[in-house]
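# Report on the structure
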Amino acid sequence: MARGKGAQPSSGIVEIGVGYMQRFFRISVDLLPHLMYNERTNRKKEGVRLKKLLFTILILLCLIAVWMVVTGFSVQTSAYITDNFTVSEDGSEITFTIGVGSSMGYVRGYKDEGGGASPHYLKFYSAWGGFNSSIGAKSSFSLPLQPGDTEIYVYHGQAGYALTLKKDAATGEWYRVK
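Rules of the game
- Residues numbered from 1 in each chain as written.
- Predicted model: local features only at pLDDT ≥ 70, side-chain atom pairs only at ≥ 80, totals over all residues.
- Heavy atoms only, no water.
- Helix = DSSP H or I, 4+ residues; strand = E, 2+ residues; numbered from the N terminus.
- Buried < 20%, exposed > 50% of the residue type's maximum accessible area, 1.4 Å probe, protein only.
- Contact = heavy atoms within 4.5 Å.
- Areas by Shrake-Rupley, 256 points an atom, 1.4 Å probe, with all protein chains shown as cover.
- Core = buried A, V, L, I, M, F, W, Y, C linked by side-chain atoms within 4.5 Å.
- Pairing = 2+ DSSP bridges.
- Polar contact = N/O pair within 3.5 Å; in protein donor to acceptor, adjacent residues only side chain to side chain.
- Patch = residues over 30% accessible without salt bridge, like charges linked within 9 Å, V, L, I, M, F, W, Y side chains within 5 Å.
- Salt bridge = Lys/Arg side-chain N within 4 Å of Asp/Glu carboxyl O.
- Axes fitted to C-alpha atoms, helices over the stretch in contact; angles between N-to-C directions.
- Phe/Tyr/Trp six-rings, centres within 6.5 Å; stacked < 30°, edge-to-face > 60°.

Right, let's talk about the overall build of the chain for a bit. In terms of regular secondary structure, the chain is built from one helix and eight strands. Walking the chain from its N terminus toward its C terminus, one meets helices and strands in the order α-β-β-β-β-β-β-β-β. Taken over 178 residues, the chain has a buried fraction of 23%. For the chain, restricting intrachain contacts to residue pairs at least 6 apart in sequence, the fraction spanning at least 24 positions comes to 56%. As displayed, the chain has an accessible area near 12,700 Å², and 61% of this comes from carbon and sulfur atoms.

This is how it looks when you write it as structure tokens:
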């Protein structure tokens, strides 16, 4: 089956294999600058993608921070004054404890919408940080009183202001209106 003197039966296969490898390496060497260029541009593209991703994360964090601050300016309409309140001996200040009627929420402060005069109209504000966050939350507050003060109202949203604490004209004692 040999074709000629000194012919090897597998020489054709080896020549085909070597020719294929030579062609592969020649193509690879010819394409090397092109491949390097693509690798550089890919790195540039990855850098741009990374910058876009970091910018998006930064914007998202800023939006979350703004939301956490803005929610602290919302009125807590389910706040109420509990039975736990005390009046100073000279009657110049009342200290009261706040409860929240809803399952979520804390109070961080209040504003006297009555202008500090009789009667007092109190609006309570939610704590910072969003729903059910306790950042800056307090439960005990003090309100300065004048000798002529007789009523304290608490804001309850669409229901308006509700009379919560009242001073008995005969005894001078404060009591919670139920």
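Another aspect to go through is the nonpolar core. Ranked by size, the top nonpolar core spans 16 residues in total, and within it Ile81, Ile94, Phe96, Ile98, Phe124 and Ile152 carry the most contacts. Of all the elements in the fold, those that place two or more residues in this core are β1 (79-87), β2 (93-100), β4 (120-126), β5 (140-144) and β6 (151-155). Those residues within four positions of Phe96 in sequence are excluded, and the remaining contacts are Ile81, Asn84, Phe85, Tyr110, Leu122, Phe124, Ser139, Ser140, Phe141 and Leu143.

Bringing the pairing of β5 into the picture now. Across the two faces of β5 the burial differs, with Phe141 and Leu143 buried and Ser140, Ser142 and Pro144 not buried at all. Across five bridges, the pairing between β2 and β5 is antiparallel. The residue bridging Thr97 from the neighbouring strand is Ser140, located in β5.

On to the side chain of Thr164, then. Tracing the chain through its elements places Thr164 in strand β7 (residues 161-167). A distance of 3.1 Å separates a polar atom in the side chain of Thr164 from the backbone oxygen of Ala162. Those residues in contact with Thr164, other than ones at most four positions away along the chain, are Ile81, Ile152, Tyr153, Val154, Tyr175, Arg176 and Val177.

Take a nonpolar patch on the surface next. Residues Leu50, Leu53, Leu54, Ile57, Leu60, Leu61, Ile64, Trp67, Met68, Met104, Phe131 and Ile135 make up a contiguous nonpolar surface patch of about 1,200 Å² in total accessible area. Relative to the helices and strands, Leu61 resides in helix α1 (residues 11-70). On the basis of relative accessible area, Leu61 is assigned to the exposed category, the value being 52%.

This paragraph deals with the sheet that holds β1. As summarised here, the arrangement of the three strands in space is β1-β2-β5, forming an open sheet in which the pairing is antiparallel. Both edges of this open sheet fall to β1 and β5, since each of them pairs with a single strand only. Strand-to-strand twist of the sheet, defined as the mean angle between neighbouring strand axes without regard to direction, takes the value 35 degrees.

Glancing now at the pattern of salt bridges. Using the criterion set out here, one finds three salt bridges in the structure. One salt bridge in this structure joins Asp83 and Arg176, with 3.4 Å as the shortest N-O distance. Placement of Asp83 in strand β1 and of Arg176 in strand β8 (residues 174-176) is noted, with a sequence separation of 93 residues between them. Here the salt bridges do not stand alone but share partners, grouping Asp83, Arg176 and Lys178 into one network.

Moving on, we get to the environment of Gly101. Among the structural elements, Gly101 can be located in the loop between β2 and β3 (107-112). When its relative accessible area of 57% is taken as the criterion, Gly101 is described as exposed. Spatially, the C-alpha atom of Gly101 lies 9.7 Å from that of Gln76, the residues being 25 residues apart in sequence. Beyond its immediate sequence surroundings of up to four residues, Gly101 is in contact with Ser78 and Tyr80.

It is worth spelling out the packing of aromatic side chains at this point. Scanning the model with the defined rule gives 10 aromatic pairs in all. Summarising the aromatic geometry, the rings of Tyr121 and Tyr161 are spaced 5.0 Å apart at their centres and angled 75 degrees between planes, so their arrangement reads as edge-to-face. Taken as a pair, Tyr121 in strand β4 and Tyr161 in strand β7 lie far apart in primary sequence, 40 residues in all. Residue Tyr121 is classed as partly exposed on the basis of its relative accessible area of 28%. On the accessibility criterion, Tyr161 (30% relative accessible area) is partly exposed. Taken together, a centroid distance of 5.1 Å and an interplanar angle of 55 degrees make the contact between Tyr155 and Tyr161 tilted.

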